[in-house]
Each structure stands twice: as C-alpha cells, then as structure tokens.
Amino acid sequence: MVDLEKASPGRSPEREPVPRADGEGCLVVAVRLPVRIVVLVLVLPVRMAWDALVVAGRFLRDTVLRPVGRALAWLGRALFVWPLVGLWRYVVVPVAKGVGWLGNVLLVVPAVWVYRWVLTPVGHALGWFFRGVGAVLAALGRGLYAGLTWFGRGVYCGLAWLARYLVVVPAGWLYAWVLTPIGHLLAWCGRGLAWCGRGVLWCLGRIVTGVGAVLYWTVRILLVLPALAVWRWVLAPVGRALAVVGREVLDALVHAWRIAGHLSRAVGRALAALFRWTVAEPARWVYRSVLTPVGHAVRDTVLRPLAEAARSARRAGRQALGSVRLSVRQARADLRRTLFGEPVRTPSVDRREPSGARTRTLEKRT
C-alpha cells in the first residue's frame, strides 16, 4: 500500500507511537475522567451557593450597607466631628490665646525684666569676684605644687634604691639558682610522662576505632539498609502514587470550580431571564401601557384644573388683599389729615446742581 500521508522531515515513514510530553501513563488518564466527574458533582453545589452568596452580598452592600454607612458617617460627623471642631475653634483656641497672652504679660515679661536688670548685673559682679578669688587660689596652688614636686622626687629616689636592693636583687638570685633548676627537672619529668601518654592514647585510639567499625557495620546492616530498602521500594512508589492522585485531585478541583462557575453563571442568567420575562417585563408593560396613560389622564382632567383653580383663587385673594390694604392706607391718611392737617412738604434738592444754581432754584420756588 502507498502511504498517502506526507512524511515530515527527520521522521521515518513508519508510524511510531508518540510518547506524551508530560510522561503520563494510561492509568493516570483512566483515573482522571472519573475523578473530575465526581469532583464536579461535589463542587457544583458549593460553587452555586458561593455565587448566590456573592450576589446577595453585593445586593446587600449596594442597597443596605453603603447607605447605612453613609448615614452613620454623616451622623458621626454631626455628633462628634463638628462639635469638636466648633469647640476647638471657638472655645479652646480663644482660651489658649488668652492664657498665652496672660502668661506673657504676667510671667514672661517680668521674668525677662528681672533677668535683664537684676540677675545679669549680679551675675557679672559674682563672675568678677570669683575670677579674682580663682586667680589668688591658682597662684597658691602653683607654689604648693612646686614644693610637693621637689619633695616627691626625693621620696621616689629613696624608695627606688630600697626596692632595688631589697626586692629585685634577691628575686633575681632566687630565679637563677633555685627556680630554673627546679623548672628544668619538672620539664624533663613532663616529657617522659608525655611519651607514656602518647602510647596509652594510641592504644585507646585503636581500640575505639575497632569498636566504632563494628558498631558502624552493625547499625548499617540492621538499620540503614532495611530503612533504605523500605524507602526505595515502598515509601517512594506510594509517595509517587499519592503525588499523582493529589495532583489529579487538585487539577480536578480547579477544572470543576471553573466549569461550576460557567454552569452557575448560566443558571443565574436563566433565572434573571425568567424574572425579567415573568415579573419585570409585565410590570414595565403595565406601567407603560396602563399606569402612564391613566396618570396622564388624571393629570389632564383633575390635577391641572385643580391647580389652575388654586392659582386663580390665590390671584383673586392677592388682589382682594391689595385692595383692602390700599383702602386701609387711604383711610389712615384721611384720619391723619383730619387730625393734624396737611403735612409740610420740603422741596427736593438736586444734588447734581452747583451751589449757585441750587440757591437760584430755591429763590425761584419761594
């Protein structure tokens, strides 16, 4: 037969099984699908409950918690922040300024005056007095120091001579003729003991080495080799199998969570569409087709005529009140004119005219 498939460069025309890139065996592939199905069945209710809680939490946050938080923030600002700010601005700050001014007038200014005109001159006088006393005492101290220096030098020379001939010379003779021979003898004895100790230590080292080798091979044969065999042939394969199972369970959880999210979103959209077509759309149709025309009709037939009548009545009442007010004003003026006579009217003066023109205008009027 002729192979109709085009052979890729660098590959033999015979069909060879291509190994998987991740090195997974058939057992892993066979276990993966049932595990993912079981995990999806277990995770789907949890994901749908989680999505429902998320939606409820967002609705509660937007409709309840956020307005309540804003109201509480405004209430806290009105009950605590604004009174404290007013107390600080209109009570504490003026009182503090007044106390500072009083402290400056009653304490700082007198203290500065006392320091400048009392303490400073007294301090300068005391400084000059103590400077003179210090100069006198310094002269006396220098003379006393010179005398003591000469006396100390003589005492030092006598004590040095006595120490040389009473301590240093006998100590040198004792070191040269007594301590040095005894030290040489002790050093020779120490070298002999060191050679003996080296032999004893060599024997003990050989004994310890033999015992250590015996214990090493005993522990290796009885403990290390069985433990290594158990690790290599039991624990390592079981660990690899558990690692494969854990990795597959984790991957299954991730895929199941993602698929459950898609299913939950689809269910949510279906419920939203059902709510929209069963509740929202009929309510919108009723509002648009029934309530809106009825409201317009009520507005055009009842509310507008009532509003126009109320405006006409208010206008008529305002006109009546105006006429009554005008009649009262005229009656009061007639009564005042009857009792006190006509009021004397002063001529109005145009302030824009010059003084000469104003005087002529007044003369013409008189």
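Residues numbered from 1 in each chain as written. Predicted model: local features only at pLDDT ≥ 70, side-chain atom pairs only at ≥ 80, totals over all residues. Heavy atoms only, no water.

Considering the overall build of the protein
Short version of the rule: Working definition: helices are DSSP H or I runs of at least four residues, strands are E runs of at least two. Numbering for both runs from the N terminus. In what follows, residue pairs with any heavy atoms lying within 4.5 Å of each other are defined as contacts. Methods summary: accessible areas were calculated by the Shrake-Rupley approach with a probe of 1.4 Å, and residue burial reflects only the protein chains presented.
Across its full length, the protein holds 2 helices and 0 strands. In the protein, the proportion of contacts linking residues at least 24 apart, taken out of those at least 6 apart, comes to 62%. Of the accessible surface of the protein, which amounts to about 31800 Å², a share of 73% is contributed by carbon and sulfur atoms.

Let's talk about the pattern of salt bridges
This is how the line gets drawn: Whenever Lys or Arg places a side-chain nitrogen within 4 Å of a carboxyl oxygen from Asp or Glu, that contact is recorded as a salt bridge. Remark: exposure states derive from per-residue accessible area (1.4 Å probe, protein chains only) relative to the maximum for the residue type, with buried under 20%, exposed over 50%, and partly exposed in between.
Within the structure shown, the criterion is met by 7 salt bridges. We note a salt bridge from Arg304 to Asp300, for which the minimum N-O separation is 3.3 Å. Pair noted here: Arg304 and Asp300 are both in helix H1 (residues 26–340), with a separation of 4 residues, about one helical turn. Looking at Arg304, the relative accessible area reads 47%, which means it is partly exposed. Residue classification places Asp300 among the partly exposed residues on the basis of a relative accessible area of 38%. When salt bridges with common partners are traced through the structure, they connect Arg61, Asp62 and Arg66 into a single cluster.

Focus on the confidence of the model for the protein
Atom-level detail of predicted coordinates should not be read off regions where pLDDT is low. The condition that has to hold: Confidence of the predictor at the level of single residues is captured by pLDDT, which takes values from 0 to 100.
Averaged over every residue, the pLDDT of the protein is 81; the share at 70 or more is 85%. Counting contacts from residues 1–23, a segment whose pLDDT is below 50, to residues more than four positions away or on other chains yields 5 contacts.

A word on the nonpolar core
The condition that has to hold: Buried Ala, Val, Leu, Ile, Met, Phe, Trp, Tyr and Cys residues that are joined via side-chain atoms within 4.5 Å together make up what is termed a nonpolar core.
Val39, Val43, Ala252, Ala256 and Ala260 together form the largest nonpolar core, which totals 5 residues. Not counting chain neighbours up to four residues away, the residues in contact with Val43 comprise Leu253, Ala256, Trp257 and Ala260.

Here we look at the packing of aromatic side chains
The geometry of an aromatic ring pair comes down to the distance between the two centres and the angle between the two planes. Short version of the rule: Here is the rule: rings of Phe, Tyr and Trp (six-membered ring for Trp) pair when centre to centre is within 6.5 Å. Planes less than 30 degrees apart are stacked, more than 60 are edge-to-face, and the remainder are tilted. As a reminder, the over-ring test applies to NZ of lysine and CZ of arginine, requiring each to be within 6 Å of the ring centre and within 35 degrees of the ring normal.
Counting across every chain of the model gives 3 aromatic pairs. On the basis of an interplanar angle of 90 degrees and a centroid distance of 6.3 Å, the ring pair of Trp74 and Trp82 is categorised as edge-to-face. A relative accessible area of 46% places Trp82 in the partly exposed class. Residue placement shows Arg198 over the ring face of Trp195; its charged tip is 5.0 Å from the ring centre.

Details of the layout of surface pockets
The condition is simple: In the cavity and pocket records, a cavity denotes points on a 1 Å grid over the protein atoms alone where a 1.4 Å probe fits but cannot get out, a pocket denotes an open set with protein on both sides within 12 Å along at least 5 of 7 lines, and lining residues are residues with an atom within 4 Å of a point. Grid points are joined across faces, edges and corners, and a volume is the space filled by probe spheres set on the points. Side-chain classes follow a simple rule in which Ala, Val, Leu, Ile, Met, Phe, Trp, Tyr, Cys and Pro form the nonpolar group, Asp, Glu, Lys and Arg form the charged group, and the remainder, Gly included, forms the polar group.
In this structure, the largest pocket occupies an estimated 270 Å³ of space. Arg47, Met48, Asp51, Ala52, Val55, Gly261, Ser264, Arg265, Val267, Gly268, Arg269 and Leu271 are the residues that line the largest pocket. For the lining of the largest pocket, the class distribution of residues is 5 nonpolar, 3 polar and 4 charged.

What to know about the side chain of Asp51
Tracing the backbone through its elements, the reader meets Asp51 in helix H1. The class of Asp51 is buried, set by a relative accessible area of 18%. Excluding anything up to four places from it in sequence, Asp51 contacts Gly261 and Ser264.

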